[in-house]
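Spelled out, the chains give:
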Amino acid sequence: MAEEKKIKKVLRVDKQSSSSLSAFVERPTPTDKEVASFERIIGREARNQEIDTNLNEIYTNKLGEFVDVRKMKIRHQQALIVRFFKNILIITLLAAMAYFAYSYFFDNSNDSSALEIKIYAPEKVMAGEEFSYKVEYNNPSKFNLAKLYLEVQYPENFILITSSIAPQNGNYGWSLNDLGAGASGSLMITGKLINKPQSVNIISGRLSYVPLNYSSQFKKEASASTLVEGPGFNVNLEYSNTAFLGQDNSMTLIISDIKENYFGDFNLSFALPDETNAQVVPSTNSKDATSTFVSEKINVTNAGGTSWLVSGLNKDSIRQEIPLSYKIASKLNNPEIRVRLEKKLDDGQSFIFWEYTFKPELVKTDLNLTTEVNGDKNDNSVNFGQTMNYTVKYSNKGDNTFKDLVIMTALTGDFLDFSSIRMTKRGEVRDNMIIWTKNEIPGLAEVKPNQEGEINFSINILAFKESDLGKKLTVTSYSQYGVNNQTAKSGDNKSNTIISRINSDLSLDEQILYFDHNNQPVGSGPLPPKVGELTEFKVYWVVKNNLHELSDARVVYDLPSNVSFDQRSSNDVGSIYYDANTRQVIWNIGRLPVSVYQAKAEFGISITPLETDRNKILVLTSGSSISAVDTETKDTINKKTGPKTTKLEDDDIAGMNNTGRVQ
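Residues numbered from 1 in each chain as written. Predicted model: local features only at pLDDT ≥ 70, side-chain atom pairs only at ≥ 80, totals over all residues. Heavy atoms only, no water.

Looking at the overall build of the chain
In terms of helices and strands, the chain carries four helices and 44 strands. The proportion of buried residues among the 663 residues of the chain is 39%. Taking all contacts inside the chain whose residues are at least 6 apart in sequence as the whole, residues at least 24 apart take part in 72%. When the accessible surface of the chain is split by element, carbon and sulfur atoms take 48% of a total near 38,100 Å². (Helix = DSSP H or I, 4+ residues; strand = E, 2+ residues; numbered from the N terminus. Buried < 20%, exposed > 50% of the residue type's maximum accessible area, 1.4 Å probe, protein only. Contact = heavy atoms within 4.5 Å. Areas by Shrake-Rupley, 256 points an atom, 1.4 Å probe, with all protein chains shown as cover.)

This is the structure in structure tokens:
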């Protein structure tokens, strides 16, 4: 066995120089264990070599010499957060440098097109009122600007009076002085606007200029707008929706609430079809009944054709009614009647500041039939619970006699209370109609030429209930006539039609209490009140509204002379305040949308009776009033509560032992 091992050892270390394939094959193959051991040895050698290399780099200087580690200066590596903030700081500095460079080379002070122009105009003016536009221009650049030319385009109805700089081109062009760097200038333009109420009037301006040492022209523009509120007084036209052919049809122009008249004299004119003429109906006391109408404060004089000059109207004038009439000679399709107020200048220019147009329904008949509701022949507004008073007028304008005349009035509306009809001359009620014949009105048996008459009746509007939501909020009314006891079929026998729109169901509930609804005292002092002693009460208001949005809603409580307001107030909308000059407690609600169907407020009042008040029941309020504008009907709703006294009519607890008489 020992001999075999010796042979193997000799073969493994034999140094034969032969490199033949047979010699290589004869070499023994290493085992897996030997290969793994060999790889570990190689790995250790590689790591040791890498460590030696890194140590050499650490312990040698720039010249490649070993250093003395005992004298080495060790510097710690900066933390990551320090490097992050250092980078942020560098970036910030670079951004700041870029910004300042941009500002220096590219800001407005170096922009030749940086000229600024603005036009200042009043937000609202009255028609004919004198006011001023202000044009401001500014040069924020570092360039001098030359050849400045301002061109202004006025509103169509603007009348120029003067300007702070004289224009060089008509009334709209100005050559302005050169504008240095950082300099500014302005121009005032004074004039007036004569236009229709609620019209928006726009002024625009264009300023052109050339920077020095430049050949290019630059332009800047600006604009502003002004609203014309109205002429300084209210103007209304009352007319009938029906016009009778070949007859004079009446209208009335009403001027009221005269706060100011900036026009002086102005013209009343008509724009009518060719087959139509119109005039101002003269009063009986005028000197010339064909050319002049004289009212209490104003004169209306014919200026030729269908134009009339109105003079003498000022803020001291009271309500003025100018009667008008027009005549249509022949049948027309959709005739248009236009009444206007205008200011005519000496140079021939004319500016309209109020205009109203309507298209009457033409009726060819010799019997004029008109219907009025509460004295109005036109569409109007009514309130829930209100009484509608009707007048039906008939007049024979022809040459023939009408015999056995029948007059009928038709009423249509979901809120009409037919059980409430009251008539001065009783007629027959059939469904939604009231019919009068010679049996009810003997005069209808024969209506001769130039004979006229009228029929009066009334009907109530029902109160609103929550179950009424969805019902139609209008009442339609018209009248018709027939002959020989028969109602006519032709439309020429029909009167004007009136549509009465029902206002929203605004209501105010007012209570004055000593004990609230929970039987808790909200007042103080003796009850009944005593002479010389203070007694306090609480006033409660509840406003309700369901149908239309309201604006300018306001509640007013007039304090009697012996009642005081004691500042204890609260409200969920608007504001409450006391006006010492008028002795009124005022709750300004303002806008009241239908989503706010109920609003509440409360405040305190007090009394200290005098000796002269002994054994008397004192009035705490004569009734509060509420007003608001219905945004649907455009009508102002006014309601008032009933009076309240020291008996405290709404306080059941206080009423058990309170006579209301001062002790």
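Looking at the pairing of strand S17 (residues 307–311)
Of all five residues making up S17, four are buried, and the element is well covered by its neighbours. Here strand S16 (residues 299–302) runs beside S17; their pairing, made up of four bridges, is antiparallel. Along S17, the bridge assignment pairs Asn 302 with Trp 308. Linking S16 back to S17 in an antiparallel pair, the connection comprises four residues, with Gly 304 at a positive phi of about 110 degrees. (Pairing = 2+ DSSP bridges.)

Examining the confidence of the model for the chain
Summing up the model confidence of the chain, the mean pLDDT is 84 and the portion of residues at 70 or higher is 82%. Within the model, pLDDT remains below 50 along residues 1–27, and this stretch shows one contact once partners closer than five positions in the same chain are excluded. A low-confidence stretch, residues 284–290 (pLDDT under 50), is modelled with five contacts involving residues beyond four sequence positions or located in other chains. (pLDDT = per-residue confidence, 0-100.)

Focus: the sheet that holds strand S9 (residues 218–228)
Ordered by their spatial adjacency, five strands build an open sheet running S2-S9-S8-S4-S6, and the pairing between neighbours is mixed. Each end of this open sheet is capped by a strand with a single partner; those strands are strand S2 (124–125) and strand S6 (173–176). The pairing of strand S8 (residues 199–211) with S9 spans 11 bridges and is antiparallel. In the strand pairing of S9, Tyr 209 is matched with Phe 218.

Structural notes on the nonpolar core
Nonpolar side chains in soluble globular proteins tend to end up buried together. In terms of nonpolar packing, the biggest core is built from 63 residues, with Leu 268 and Leu 324 touching the most fellow members. Excluding anything up to four places from it in sequence, Leu 268 contacts Leu 253, Val 280, Thr 306, Ser 307, Trp 308, Val 310, Ile 322, Leu 324, Val 339, Arg 340 and Leu 341. (Core = buried A, V, L, I, M, F, W, Y, C linked by side-chain atoms within 4.5 Å.)

Some details on the pattern of salt bridges
One pass over the full model with this rule turns up 20 salt bridges. For Arg 338, the salt bridge identified is with Glu 355, shortest N-O distance 3.8 Å. You can see Arg 338 sitting in strand S19 (residues 337–344) and its partner Glu 355 sitting in strand S20 (residues 350–358), a full 17 residues away along the chain. For Arg 501, the salt bridge is made with Glu 632, and the minimal N-O distance between the two is 4.0 Å. Residue Arg 501 is located in strand S33 (residues 498–502), and its partner Glu 632 is located in the loop between strand S42 (625–630) and strand S43 (636–640); the two are separated by 131 residues in the primary sequence. For Glu 632, a relative accessible area of 40% gives the class partly exposed. Each of Lys 196, Glu 336, Arg 338, Arg 340 and Glu 355 takes part in salt bridges that share partners, so that together they form one network. (Salt bridge = Lys/Arg side-chain N within 4 Å of Asp/Glu carboxyl O.)

Considerations on the environment of Val 475
With respect to the helices, strands and loops of the structure, Val 475 is situated in strand S32 (residues 474–482). Non-local contacts of Val 475, meaning those with residues more than four positions away in its chain, are made with Met 388, Tyr 390, Thr 412, Leu 416, Ile 461, Ile 498, Ile 499, Ser 500 and Ile 502.

Things to note about the side chain of Asn 201
As for its position among the elements, Asn 201 is in strand S8. Engagement of the side chain of Asn 201 in a polar contact is seen with the backbone oxygen of Ser 199, the distance being 3.2 Å. Apart from the residues lying within four places of it in its own chain, the contact partners of Asn 201 are Pro 155, Leu 193, Asn 195, Ala 224, Ser 225, Thr 226 and Val 228. (Polar contact = N/O pair within 3.5 Å; in protein donor to acceptor, adjacent residues only side chain to side chain.)

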